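# Coordinate analysis (summary)
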Amino acid sequence: MAVLSYDDIVRLIKKEEGILILNRRDKNISGLGYDLTIGFIRDADTGQVPETFAEDNNRYVLLSEHRYIVISKEFVYFSSQYMATLHSRGSYALKGIIVTSTTVDPNYAGCITGSLYICSPKDVYIKKDNSFATMVIHQLRTPTQKGLSRNEDGRLMDAQETFHSRYPNINADTIQAGDAYYGALRKQIEYEYMAARERMRAKSQAGAVVEAAPTQKDGGSRITFLIGNGFDINVGLNTRYSDFYPYFIRNHPDNLLAKNIEGNIEAWSDLELGIGKYTEKISLPDERNFEQYEKDLEECLADYLKEETYKINLREEGRKKQVGLIMLNSITNFYSHFPKIIEQDILRVLPVHPDERKYSFISFNYTDTLELCLKAAKEQDTGRQFRSEDVIHIHGTISDNMVLGVNDKNQIANKNFQRDIEKKELLIKEEINKSYKNSRIQEARAAIDDSSVICVFGMSIGETDKMWWQYIAKWLQGSEARKLVIFARDSEVARNSKYTNKCKRDMTERIKKNGDLIGVWNQVESRIHVEVNADIFSFELV
């Protein structure tokens, strides 16, 4: 491990290689590190901002035997090959100010939090924009494969999360104020940070050599994303069925489907399965009425989703850039959210150079939210490395032949409906698509067949899309050089990380069951990777 000199730090910052220091003052780069500037300071025990010196409003008065929490003005990032240690400055030591010595891990991104203790018997004075510690930067002999530490809730530790550790021993007002400071600073530098990280990744990938197996030859250079309703929910739209039901009931109070939903919400947690089960209540004289009830429901759902999409706001150029950068990074670096060993396993089946990779998107949503985000991403793709085709809306869109239904006739409770061609064209997804005479299914299957990696986001791997899980299962069995990546969301895990493994098991059990993989599970298990609550597509549009 080597300590970086002034020349090393200047060179790496200029070339954006391995380290970033945003909001920096170049004069703070010293012979053996960087002097961090006070951006936030509060008394750790009282929550008070230090008073200013009566004769000089630009100086804080730090009280004897008091402890202060400090957050840097700088926002730093270290790659897997760099770390840092914090040390007291000589001038502070002479004044009787002790700076806690700590480390900054590889792969860290955030402000630097420190603690000052006044051991002098007298109060001391410091300038408001003074440097409070020297950050000595070290280069590791080999890049670490261990990711950044996480807190009790499974979130990556940064300056903000440090306040929310189990036993912070910090005044609540100080924590609240520190949160607000960090959030405002992160928002201020977000665009600059994401743009810099994207440039760093592009350089790294362009020069990278995958040391393990060569790129596979029978899976293709395509990465296909299957995007479900969880994507729209993730960006701030209220598109759950439970969000829609009150709207439907209010606008169609006489619709028998609406009445049944209102009287038994829990049985309708999945709208499509609920419709299939409800058919059992339909007698022969009511069949025509049922078709009208179902039509009213679809039209009402389309109207509701239109109103939701009107909330999307990408008019502000800065916000659009931020969304575009996060979207671009989420897609082109999806594998970076996994442990290093899994990341390398995924990279083995991808072309080494990013510009050789192709991307396809199969949306199971009726909205155009995904297209808006992809457009923003392409506008930020200055290196022209992101090659994608038009989104395939496998279930249609709000304005183009919506497909709302079950997977197969076995999910229709009414036996007469199972034998009736018209009813099957009304209720079974594949039959509905055929009746529209479109090529969506063929296009989606072609994209899957040409892929080396399938990524699933915002989907429950549910029964009503079983035909797709079965198709992907067969695709997975077709070559050892194919990977299935599932990004799961779970609120329980967000509150307590001990549920992470349970969530992963639940998702793998669903793909095993709905993909009919039970008999061949041992052959494919190692090529299915599940990540829970990954920091991917982390932006809001409303």
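As the structure is a computational prediction, the values presented were derived from the model and not from experiment. (Residues numbered from 1 in each chain as written. Predicted model: local features only at pLDDT ≥ 70, side-chain atom pairs only at ≥ 80, totals over all residues. Heavy atoms only, no water.)

### A closer look at the overall build of the chain
Counting its secondary structure elements, the chain contains 20 helices and 20 strands. Considering only C-alpha atoms, the chain reaches an extent of 90 × 55 × 40 Å along its principal axes. Each of the 542 residues in the chain was classed as buried or not, and the buried ones make up 51%. Within the chain, residue pairs in contact and separated by at least 24 positions form 77% of the contacts whose partners lie at least 6 positions apart. Working note: accessible area of the chain is about 25,700 Å², and carbon and sulfur atoms make up 46% of it. Charge separation in the chain, taken as the distance between the mean sites of 73 positive and 79 negative side-chain charges, equals 4 Å. (Helix = DSSP H or I, 4+ residues; strand = E, 2+ residues; numbered from the N terminus. Buried < 20%, exposed > 50% of the residue type's maximum accessible area, 1.4 Å probe, protein only. Contact = heavy atoms within 4.5 Å. Areas by Shrake-Rupley, 256 points an atom, 1.4 Å probe, with all protein chains shown as cover. Lys, Arg positive; Asp, Glu negative; His and termini not counted. Charge placed at Lys NZ, Arg CZ, Asp CG, Glu CD.)

### Observations concerning the pattern of salt bridges
Scanning the entire structure with this criterion turns up 25 salt bridges. The partner of Asp506 in a salt bridge is Lys502, with the nearest N and O atoms 3.2 Å apart. Of this pair, Asp506 and Lys502 both sit in helix α19 (residues 500-514), separated by four residues, roughly a single helical turn. For Asp506, a relative accessible area of 34% puts it in the partly exposed group. When salt bridges that share partners are traced, they join Glu287, Arg288, Glu291, Asp420, Glu422 and Lys423 into one network. (Salt bridge = Lys/Arg side-chain N within 4 Å of Asp/Glu carboxyl O.)

### Some points on the packing of helix α10 (residues 317-332) against helix α12 (residues 369-380)
Close contact between α10 and α12 brings their axes to 7 Å; oriented N to C, the two are set at 90°. Taken together, α10 and α12 sit at an angle that is classed as roughly perpendicular. On α12, the residues touching Lys320, Lys321, Gly324, Leu325, Met327, Leu328 and Ile331 of α10 are Leu370, Cys373, Leu374, Ala376, Ala377, Glu379 and Gln380. Taken together, the residues of the contact of α10 with α12 sort by class into nine nonpolar, two polar and three charged. (Axes fitted to C-alpha atoms, helices over the stretch in contact; angles between N-to-C directions. Parallel < 35°, antiparallel > 145°, perpendicular 65-115°, else oblique. Nonpolar A, V, L, I, M, F, W, Y, C, P; charged D, E, K, R; others polar.)

### Side note on the sheet that holds strand β12 (residues 124-127)
Strand pairing within a sheet occurs via backbone hydrogen bonds; the two strands may be parallel or antiparallel. Spatial strand order, β5-β6-β12: three strands in an open sheet with antiparallel pairing. Here the strands that pair on one side only, and so sit at the sheet edges, are β5 (52-53) and β12. With four bridges connecting them, strand β6 (residues 56-62) and β12 associate as antiparallel partners. For Arg59, the partnering residue across the bridge sits in β12 and is Lys127. (Pairing = 2+ DSSP bridges.)

### What to know about the packing of aromatic side chains
Within the structure shown, the criterion is met by 20 aromatic pairs. Ring geometry for Phe40 against Tyr181: centres 5.7 Å apart, planes inclined by 35°, an arrangement best described as tilted. With a gap of 141 residues between them, Phe40 in strand β4 (residues 33-43) and Tyr181 in helix α4 (residues 172-206) connect regions that are remote in the sequence. Both residues of the pair, Phe40 and Tyr181, count as buried. On the basis of an interplanar angle of 70° and a centroid distance of 5.3 Å, the ring pair of Phe334 and Tyr335 is categorised as edge-to-face. The buried category is assigned to Tyr335, whose relative accessible area is 4%. Put simply, the rings of Phe225, Phe231, Phe334, Tyr335, Phe361, Phe457 and Phe537 touch in pairs and so form one group of aromatic residues. The ring of Tyr77 has Arg197 sitting right over it, with the charged end atom 3.9 Å from the ring centre. Between Arg445 and the ring centre of Trp468, over which it is positioned, the NZ or CZ distance is 5.9 Å. (Phe/Tyr/Trp six-rings, centres within 6.5 Å; stacked < 30°, edge-to-face > 60°. Lys NZ or Arg CZ within 6 Å of the ring centre and 35° of its normal.)

### Concerning the environment of Arg319
Residue placement: Arg319 occurs in helix α10. If we skip the residues at most four places from it in the chain, Arg319 touches Asn313, Glu540, Leu541 and Val542. Polar side-chain contacts of Arg319 include one of 3.2 Å to the backbone oxygen of Asn313. A distance of 3.0 Å separates the side chain of Arg319 from the backbone oxygen of Val542, its partner in a polar contact. (Polar contact = N/O pair within 3.5 Å; in protein donor to acceptor, adjacent residues only side chain to side chain.)

### So, the confidence of the model for the chain
Looking at the chain as a whole, the pLDDT averages 88, with 90% of positions reaching at least 70. This stretch, residues 208-218, has a pLDDT under 50; its non-local contacts, to residues over four places away or in other chains, come to 19 contacts. (pLDDT = per-residue confidence, 0-100.)

### Some remarks on the side chain of Thr397
Structurally, Thr397 is set in the loop between β17 (392-393) and α13 (415-419). A residue is classified by how much of its surface remains accessible, and Thr397, at 17% relative accessible area, is buried. At 3.0 Å, the side chain of Thr397 forms a polar contact with the backbone nitrogen of Asp400. The contact partners of Thr397, leaving out residues within four places of it in the chain, are Tyr366 and Met402.

### Here we look at the pairing of β6
On a regular strand, one side chain projects to one face of the sheet and the next to the other, so that they alternate. Summarising the sheet, β5 and β6 pair through two bridges and their orientation is antiparallel. Of the residues in β6, the one forming a bridge with Phe53 is Asp56. With antiparallel pairing between neighbouring strands as the criterion, β5 and β6 make up a hairpin whose turn holds two residues.

### Notes on unusual backbone geometry
With a phi angle near 55°, Ile461 is a residue other than glycine that sits in the positive phi range. Take Ile461: it is sitting in the loop between β18 (451-457) and α17 (466-477). Judged by its relative accessible area of 1%, Ile461 falls in the buried class. Its identity as a non-glycine residue notwithstanding, Phe537 has a phi of 55°, on the positive side. Locating Phe537 in the fold gives a position in the segment after β20 (528-532). By relative accessible area, which is 1% here, Phe537 ends up buried.

### Things to note about the nonpolar core
Residues Phe225, Phe231, Met327, Phe334, Phe537 and Phe539 are the most contacted members of the largest nonpolar core, which totals 58 residues. With 10 residues, α4 is the largest single contributor of residues to this core. Not counting residues up to four positions away in its chain, the partners in contact with Phe225 are Ile331, Phe334, Tyr359, Ser360, Phe361, Ile362, Cys455 and Phe537. Of all hydrophobic cores here, the second largest spans 34 residues; its members include Leu12, Ile19, Leu36 and Ile97. (Core = buried A, V, L, I, M, F, W, Y, C linked by side-chain atoms within 4.5 Å.)

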